[in-house]
Amino acid sequence: MNFVFSSRAKLVSYILMIVGAIAIIAGFFVYGENHHARWWSNMMINGFYFLGIALGALFFYALHFATETAWAVMLRRVMEAVFSFIPYASVVMIIVFIGSTFHWNHIYHWMDEATTMQYVTAASEGSAHPDYFYSLEAAEKAGADVMANPSYDELIANKTMYLNKPFFWIRTLIYLATFILFGNWFRKRSLKEDEVGGTEIHMKGYKRAAVYLVIFAVFSSTLSWDWLMSIDTHWFSTLYGWYVFSGMWVSAMNIITILTLYLISKGYLKEVNSSHLQDMGKWVFALSFLWSYLWFSQFMLIWYSNIPEEVTYFIVRINEYKVPFFGMFIVNFALPMVVLMSRDAKRNPGFLIAMGTIIFIGHYMDTFMLIVPGVMEKMAFGWLEVGFLLGFMGLFINRVFSSLAKAPLEPQKSPYLEESLHHSI
Amino acid sequence: MHKEAAIRTPLILGNKSYHDITSDVIGPIENKAPTGWYVLITIAGLISLWGIGCILYLISTGIGVWGLNKTVGWAWDITNFVWWVGIGHAGTLISAVLLLFRQKWRMAINRSAEAMTIFAVMMAAVFPGIHMGRIWLAYFVFPLPNQFGSLWVNFNSPLLWDVFAISTYFSVSLVFWYIGLIPDFATIRDRMTKPLTKKIYGMLSFGWSGKAKQWSRFEEVSLVLAGLATPLVFSVHSIVSMDFATSVIPGWHTTIFPPYFVSGAVFSGFAMVLTLLLVMRKVMKLENYITRKHVEYMNIVIIVTGSIVGVAYLTELFISWYSGVEYESYAFINRFSGPYFWAYWIMMTCNVVTPQLFWFKKIRTNFILTFILSIVVNIGMWFERFVIIVTSLHRDYVPSSWSMFHPTWVDIGVFIGTIGIFFFLFLLFARFFPVLALNELKSILRVSGEENKKENH
């Protein structure tokens with residue numbers, strides 16, 4: 001059966017987008033201080049949150065191929081629709097990075113060359129465009145009369161081999177291109193399989209999925225260092241990449257569950273039974289644990305050792321952002337644990353939707369906490385944040401639903417289709 | 001009715017009936033043991049005795065007989081402890097996590113993997129025990145009421161968390177393993193003719209009669225235990241890693257340790273399962289149950305966990321540079337280029353490079369190569385712990401206290417001794433216990449047996 005993107009759903013998505021657009025435009029003029037720091041952080045929070053959801057869906061898609069998981073075959077089209085959002089979220093990320101590169105925003109402290117250049121000409125120091133030199137030799141060569149640059153930051157300067165604009169852009173473009181290419185590849189083969197059947201496409205997908213998992217295992221870590229960890233340029237944590245990855249994954253499973261339940265409530269996906277639902281619920285439940293485990297491991301080890309250069313990260317968060325910092329941990333850990341523990345809750349659409357909404361907000365707050373404290377000194381949350389989120393939700397719904405409408409909602413000829421149809425636990 | 005896709009590989013080869021499964025698994029218990037078994041258990045027994053001798057010598061003389069010095073205060077002892085605990089991860093992962101993931105291939109390997117887990121955890125427990133020096137005061141690791149003396153354990157110490165984590169893990173693993181054994185013991189009881197053995201297996205089976213109600217409870221309790229055991233699989237090695245990571249020692253204090261240790265533990269555990277099962281399937285003629293596909297699946301787990309460990313090594317290396325912390329960078333430069341560079345490169349080669357050979361289907365489905373590589377992984381994972389522990393300690397902040405660690409014969413003797421005891425126990429298990437979960441295997445014969453699969457399609 002094909003999904004029809006009803007005019008009502010379309011209207012809702014447009015209204016959300018319009019509300020978002022108004023907030024985004026108004027916010028740009030209202031919150032102009034510090035190079036529109038608040039506005040740009042919101043752009044990044046939403047861009048990354050929805051990119052993470054799409055990437056998590058693509059990861060699970062590859063995982064279900066590589067592990068020969070049959071039950072999830074019924075949800076393939078839903079996952080495909082979610083990861084069809086990768087290109088749109090990528091554009092948002094690129095806009096943020098262009099803004100950083102041209103100093104329209106100061107999300108990345110290290111992109112300011114004032115921090116990495118050791119010398120500055122005495123005459124230009126303090127002016128709008130100072131002349132910097134990275135070494136005395138270079139200054140002598142240019143015949144400039146230089147002094148020590150007061151904004152020089154040795155820790156940041158030492159990282160320039162990795163954190164510099166060209167290399168950052170190369171990495172960013174490689175990540176995004178890889179994700180888009182793999183996403184398109186899987187989608188194309190999945191539609192092709194509907195026509196030709198057989199096992200050949202399936203086996204190719206199995207191999208391609210394994211390759212993607214390897215690539216994503218590396219990229220999920222490096223992209224979190226590049227895009228997120230480098231916001232707090234001085235700070236570092238080896239666990240960071242895995243922690244961010246677990247957040248993406250749980251958010252993705254949550255959205256896939258909600259989307260599936262929506263489709264069922266509209267009379268689609270009739271073959272998805274309560275066992276499928278229970279398995280989805282299990283993933284949300286288990287991944288909430290995984291995320292909490294990684295959150296706790298990172299927090300506890302840094303808190304316990306109390307080494308100044310590491311612990312500052314959490315001091316800022318606890319002093320200035322106490323409520324969202326601990327609040328989101330409780331929401332993302334304790335609530336799913338208590339609510340989704342029982343078998344019946346995982347089979348109950350009402351519970352799953354209610355929990356899903358809370359987790360959706362919880363992990364939005366997690367993404368908020370990854371970005372905002374590194375950009376702004378004080379907590380700020382108001383109509384701008386809500387407007388941004390609503391606008392992006394509208395865009396996400398619009399794009400995902402129109403992708404859903406393009407192909408039959410159930411894969412037609414996967415070798416595991418029968419097994420998935422008869423799924424019973 | 002459960003449906004299995006045609007493209008799934010059968011898990012039980014040949015044209016087996018339910019009766020065949022029973023005879024194939026219980027046969028070795030009923031028949032006389034082959035000479036090879038007596039030879040092996042004698043060798044293992046002698047090594048065990050040697051190990052026990054070394055331990056007694058250690059306890060009666062003192063920790064000084066080890067090669068520890070004031071800079072390297074932890075070396076082989078803790079290396080061996082972490083190595084054994086790590087090996088002890090595969091069993092519960094296979095029986096609990098793979099149960100939750102409904103991986104049916106686990107049924108051919110879970111029983112022996114769980115037995116191995118229990119023996120490995122026992123061997124692990126030896127090391128902190130004897131490391132105390134005065135083992136007769138070992139009960140002080142528990143929070144005891146003050147009547148025992150006004151000594152209260154330090155709840156802030158990860159070493160204490162270890163006591164709780166490992167003892168909980170051990171108890172749950174043991175219960176899990178034993179509950180799985182109950183129906184199988186009952187099957188043995190029903191086949192035994194000698195009154196004494198019948199009596200013994202009857203007692204072991206707790207009067208199991210195979211009623212539907214009992215099976216229903218059996219499945220329920222398995223699921224509950226799996227749910228409890230899964231977080232334990234994570235917690236044990238996370239807490240072991242916190243023994244190091246909560247400190248401020250460069251090379252030890254790093255946030256990736258908990259998940260990376262868990263992955264490494266599963267990695268080494270699966271390697272040990274492979275080492276044991278590849279021999280066992282041949283000797284006990286279980287080739288139809290522990291098939292090439294089973295070995296391939298386990299090798300895939302080895303690639304995945306080995307690669308996770310590899311990513312973690314590289315992450316640590318990168319961040320040690322990225323952090324700009326002088327001590328942190330030095331710790332890692334010293335690891336790969338200092339006096340213990342050979343240990344680092346053995347670790348890298350055995351854990352990260354060679355497991356990648358399993359990407360080739362020819363290699364991961366080859367029994368002999370798998371056997372060799374599984375031992376390589378076991379060696380690599382021992383060196384991983386050695387590298388973490390000794391290279392982080394041996395160069396103190398003050399160069400005047402820099403030193404090296406040289407193991408004494410007691411260090412080596414105790415380690416080899418625990419390997420002997422481990423194999424001694426495993427050989428006993430293989431002789432008197434049903435090495436496959438035969439009643440569970442019967443439940444998949446209809447859908448995953450080779451002949452049945454052919455008929456169904």
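In case you missed it, the structure is sitting above this.
Definitions and limits used
- Residues numbered from 1 in each chain as written.
- Chains lettered and ligands numbered in written order.
- Predicted model: local features only at pLDDT ≥ 70, side-chain atom pairs only at ≥ 80, totals over all residues.
- Heavy atoms only, no water.
- Contact = heavy atoms within 4.5 Å.
- Buried area = accessible area lost by both parts, 1.4 Å probe.
- Polar contact = N/O pair within 3.5 Å; in protein donor to acceptor, adjacent residues only side chain to side chain.
- Helix = DSSP H or I, 4+ residues; strand = E, 2+ residues; numbered from the N terminus.
- Nonpolar A, V, L, I, M, F, W, Y, C, P; charged D, E, K, R; others polar.
- Phe/Tyr/Trp six-rings, centres within 6.5 Å; stacked < 30°, edge-to-face > 60°.
- Buried < 20%, exposed > 50% of the residue type's maximum accessible area, 1.4 Å probe, protein only.
- Axes fitted to C-alpha atoms, helices over the stretch in contact; angles between N-to-C directions.
- Parallel < 35°, antiparallel > 145°, perpendicular 65-115°, else oblique.
- Left-handed = near helix turned anticlockwise from the far one by under 90°.
- Core = buried A, V, L, I, M, F, W, Y, C linked by side-chain atoms within 4.5 Å.
- Salt bridge = Lys/Arg side-chain N within 4 Å of Asp/Glu carboxyl O.

**Q** Would you mind showing me how to read the interface of chain A and chain B here?
**A** How big an interface is tends to be reported as the loss of accessible area on association of its parts. With 47 residues of chain A at the contact, the number on the chain B side is 42 residues. Across the chain A to chain B interface the summed buried area is about 3700 Å²; carbon plus sulfur atoms make up 68%. Counting the surface chain A buries against chain B, the share from its top three residues, Thr238(A), Trp242(A) and Leu301(A), is 20%. Taken together, the links from chain A to chain B amount to 17 residue pairs in polar contact (both at pLDDT 80 or more). Those elements that provide at least two residues to the side of chain A that touches chain B are helix H6 (154-158), helix H8 (200-228), helix H10 (274-305), helix H11 (308-320) and helix H16 (417-421) of chain A. If one sorts the elements of the side of chain A that touches chain B by residue count, H10(A) sits on top with 12 residues. Its residues placed into classes, the side of chain A that touches chain B shows 27 nonpolar, 12 polar and eight charged.

**Q** Sorry if this is basic, but what is going on with the packing of aromatic side chains here?
**A** The description of two aromatic rings rests on the distance between their centres and on the angle between their planes. All names here are of chain B. A full pass over the atoms with the stated rule returns 119 aromatic pairs over all chains. Arranged with centres 5.4 Å apart and planes meeting at 70 degrees, the rings of Phe185 and Phe433 form a pair that is edge-to-face. Taken as a pair, Phe185 in helix H6 (residues 158-191) and Phe433 in the loop between helix H15 (409-432) and helix H16 (438-448) lie far apart in primary sequence, 248 residues in all. Taking the centre distance of 5.8 Å and the plane angle of 55 degrees together, the rings of Tyr340 and Trp342 count as tilted. A relative accessible area of 2% places Tyr340 in the buried class. Residue classification places Trp342 among the partly exposed residues on the basis of a relative accessible area of 39%.

**Q** How do you make sense of the packing of helix H3 (residues 76-83) of chain A against helix H7 (residues 165-196) of chain A when you look at a structure like this?
**A** Packed helices, taken two at a time, are described by the angle their axes make and the gap between the axes. Residue and element names in this part refer to chain A. Between H3 and H7, whose axes approach to 10 Å, the crossing angle comes to 150 degrees. For the element pair H3 / H7, the angle class is roughly antiparallel. The way H3 lies across H7 gives a crossing that is left-handed. Residue-level inspection shows Arg76, Arg77, Glu80 and Phe83 of H3 in contact with H7, the latter providing Gly183, Phe186, Arg187, Ser190, Leu191, Glu193 and Asp194.

**Q** Can you walk me through the nonpolar core in this structure?
**A** Within soluble globular proteins, side chains that are nonpolar tend to cluster in buried spots. Residues and elements named next belong to chain A. Core analysis: the biggest nonpolar cluster contains 282 residues, and Met44 and Trp227 have the highest contact counts within it. A total of 22 residues in this core trace back to one element, the largest contributor, which is helix H2 (residues 33-66). With residues near it in sequence (within four places) discarded, Trp227 still touches Met44, Phe48, Leu51, Met93, Phe97, Tyr108, Phe168, Thr172, Tyr175 and Leu176.

**Q** Is there a simple way to explain the pattern of salt bridges in this structure?
**A** Residues and elements named next belong to chain A. Tallied over the entire structure, the rule returns 23 salt bridges over all chains. For Asp194, the salt bridge goes to Arg77, with nearest N and O atoms at 2.9 Å. Here the residue Asp194 occupies a position in helix H7, and Arg77 occupies one in helix H3, the gap between them amounting to 117 residues. In this pair, the class of Asp194 matches that of Arg77, namely buried. Notably, a salt bridge pairs Asp279 with Lys282, separated by 3.3 Å at the nearest N-O pair. Residue Asp279 and its partner Lys282 are located together in helix H10, separated by three residues, close to a single helical turn. For Asp279, a relative accessible area of 4% puts it in the buried group.

**Q** Explanation requested: the environment of Ser60(B) in the structure shown.
**A** Residues and elements named next belong to chain B. Topologically, Ser60 is positioned in helix H2 (residues 35-61). In this structure the C-alpha to C-alpha distance between Ser60 and Gly88, which are 28 residues apart in sequence, comes to 29 Å. Within polar-contact distance, the side chain of Ser60 engages the backbone oxygen of Leu56 at 2.8 Å. Looking at Ser60, its side chain comes within polar contact range of the main-chain oxygen of Tyr57, at 3.1 Å.

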